[in-house]
Every structure is written in C-alpha cells, then in structure tokens.
Amino acid sequence: MTVERPLSDRTAHICVDMQKMFMPPGPWAVSWLPATLPMVIRLVEKDPSRTVFTRFIPARRPGDGHGMWRSYFHRWQEMTLERAGTEIIELAPPLGSFVPPARTFDKPVYSPWFGGDLARAFLSEEIDTLVISGGEADMCVLATVMGAIDLGFRVVLAEDAICSTSDVAYENILKLFNERYSHHVEVGSVEEILDWWK
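Before going into details, it helps to say that this report is about the structure given with it. All values reported here derive from a predicted model rather than from experimental measurement. (Residues numbered from 1 in each chain as written. Predicted model: local features only at pLDDT ≥ 70, side-chain atom pairs only at ≥ 80, totals over all residues. Heavy atoms only, no water.)

### Details of the overall build of the protein chain
Per the secondary structure count, the protein chain includes seven helices and six strands. Its helices and strands taken in sequence order, the protein chain reads β-α-β-α-α-β-α-β-α-β-α-β-α from the N to the C terminus. For 198 residues, the compact-globule formula gives about 16 Å, and the C-alpha radius of gyration of the protein chain, at 16 Å, lands near that figure. Principal-axis analysis of the C-alpha atoms places the extent of the protein chain at approximately 45 × 35 × 30 Å. Burial status across the protein chain gives 48% buried among its 198 residues. Looking at the protein chain alone, contacts between residues at least 24 apart form 78% of all its contacts between residues at least 6 apart. Looking at the protein chain as shown, the accessible area adds up to about 9,200 Å², and 55% of this sits on carbon and sulfur atoms. For the protein chain, the separation between the mean place of its 19 positive charges and that of its 27 negative charges on side chains is 5 Å. (Helix = DSSP H or I, 4+ residues; strand = E, 2+ residues; numbered from the N terminus. Rg over C-alpha atoms; globule rule 2.2 N^0.38 Å. Buried < 20%, exposed > 50% of the residue type's maximum accessible area, 1.4 Å probe, protein only. Contact = heavy atoms within 4.5 Å. Areas by Shrake-Rupley, 256 points an atom, 1.4 Å probe, with all protein chains shown as cover. Lys, Arg positive; Asp, Glu negative; His and termini not counted. Charge placed at Lys NZ, Arg CZ, Asp CG, Glu CD.)

Structural data, given as structure tokens:
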C-alpha cells in the first residue's frame, strides 16, 4: 500500500541504527548507508524533535550476552565495545548534530520494543503514526516495523531511506510489506511522505 492520506500531527520518525559501526569500511559495513543518508536527513529535517534515533549497543566484551547473543558476540568479538571502542555506537555524521531536539534510544537487540520503554514513551505522547527509515532493511528495520504493527501504530516505511547489505534482501522486504502486510504498512518515497506530512 502506498501513502495515500495525510500523516497526522501525532507522527514520529524512527531512524533505525544509522551508526558509525555500520559505515564502510568495517566488519558490519552497510555499503548503501552513505547513499541513503541524505534521504534520512530530509526526514529528520522535517521536525528533528519528532525523530528518535535507535542505536544498537553491542556486548561489552566477548562472552557477554544472553542465550544465542552470547555466541553471536563470540563470533563478532572485534565488534564488542571492549575491542572496537564505544565510538562505534555514535550516530553517523551529521545525524548527531540533530540531538537534541531529536532523541536517541539504545537497545541491545534488533527490536527497539524490547522492554517496552519506547512504546510507553510514544503512547504517553499520543503518537499514532511512525515513519521508519534506517538500516538494515532485513534486520533491525524489519524488527522495528513488525513491533510497531503489533502495537497498533500506523506504519509508513520510507523505501528510499532504508538500506541493506543485500539488494535481494532489500527487494524482498519491500515485496513482503507491499504484498503480505499491505493492510499494516504503507511504503512510499521520502518525497511522497513529506508531501503528506504537513
């Protein structure tokens, strides 16, 4: 479903994990991130106070984490904070310059809804619509969208402001949301979204 009606004045923008650790080069580099960044910035500039930047926070050291996350950070030891340094969690430049009034929300897993704090914040602010951008389309963006659906938000995915390391995965995610979840997710370009977001 495309964007076919105005976004309410209770709209927020979630920018998912646009962080230094995902910028090329590096073990977790998302090659599309630099090309996607200008489109993300356009959404943030609409009203920085309406943006929440989520940040994925790796384990502090190899062996930390619960369940399968422990083995995940054993596999990716070089990306733990002890090895890579805490600067990797910072937002990709120049996104940090929007904070404040934009906010950051840290999470130890793919989904920002884990623990309920972000949902409670949005509900207390009477947010009913979420515009979603960021990376990766088939991982943390997917988890963000699915949780937002479960929580009952109107979800608008900015197709040219999300990125992935895989062209195939990106195309499959857009197909999934356009076909399988068309009742719950509207997919549109940044231009279309801004036209409806007055």
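### A word on the packing of helix 5 (residues 140-150) against helix 6 (residues 167-180)
Two elements in contact, helix 5 and helix 6, have axes whose closest approach is 12 Å; the angle formed by their N-to-C orientations is 10 degrees. Judged on the interaxial angle alone, helix 6 and helix 5 are roughly parallel. Where helix 5 crosses over helix 6, the handedness of that crossing is left-handed. Contact residues: Leu142, Val145 and Met146 in helix 5; Ile173, Leu176 and Phe177 in helix 6. In the contact of helix 5 with helix 6, the residues fall into six nonpolar, no polar and no charged. (Axes fitted to C-alpha atoms, helices over the stretch in contact; angles between N-to-C directions. Parallel < 35°, antiparallel > 145°, perpendicular 65-115°, else oblique. Left-handed = near helix turned anticlockwise from the far one by under 90°. Nonpolar A, V, L, I, M, F, W, Y, C, P; charged D, E, K, R; others polar.)

### Topic: helix 5
Along helix 5, eight of the 11 residues are buried, which leaves the element largely enclosed by surrounding structure. Inspection of helix 5 places Cys140, Val141, Ala143, Thr144, Val145, Gly147, Ala148 and Ile149 among the buried residues, and these make up the whole buried set. Contact partners of the buried residues in helix 5: strand 1 (11-16), strand 3 (103-107), strand 4 (129-135), strand 5 (154-163), helix 6 and strand 6 (185-188). Of the residues one or two after helix 5, Gly152 is the one with positive phi, at around 90 degrees.

### Observations concerning the pairing of strand 4
For strand 4, a buried count of seven out of seven residues is recorded, marking the element as mostly surrounded by other parts of the structure. Pairing analysis gives six bridges linking strand 1 to strand 4, with the strands arranged parallel. Bridge pairing in strand 4 places Thr11 opposite Thr129. Taken together, the six bridges between strand 4 and strand 5 define a ladder with parallel strand orientation. Note that in strand 5 the partner of Leu130 across the bridge is Val155. Note on the crossover from strand 4 through helix 5 to strand 5: the handedness is right-handed. (Pairing = 2+ DSSP bridges. Right-handed = clockwise from strand over helix to strand, strands pointing away.)

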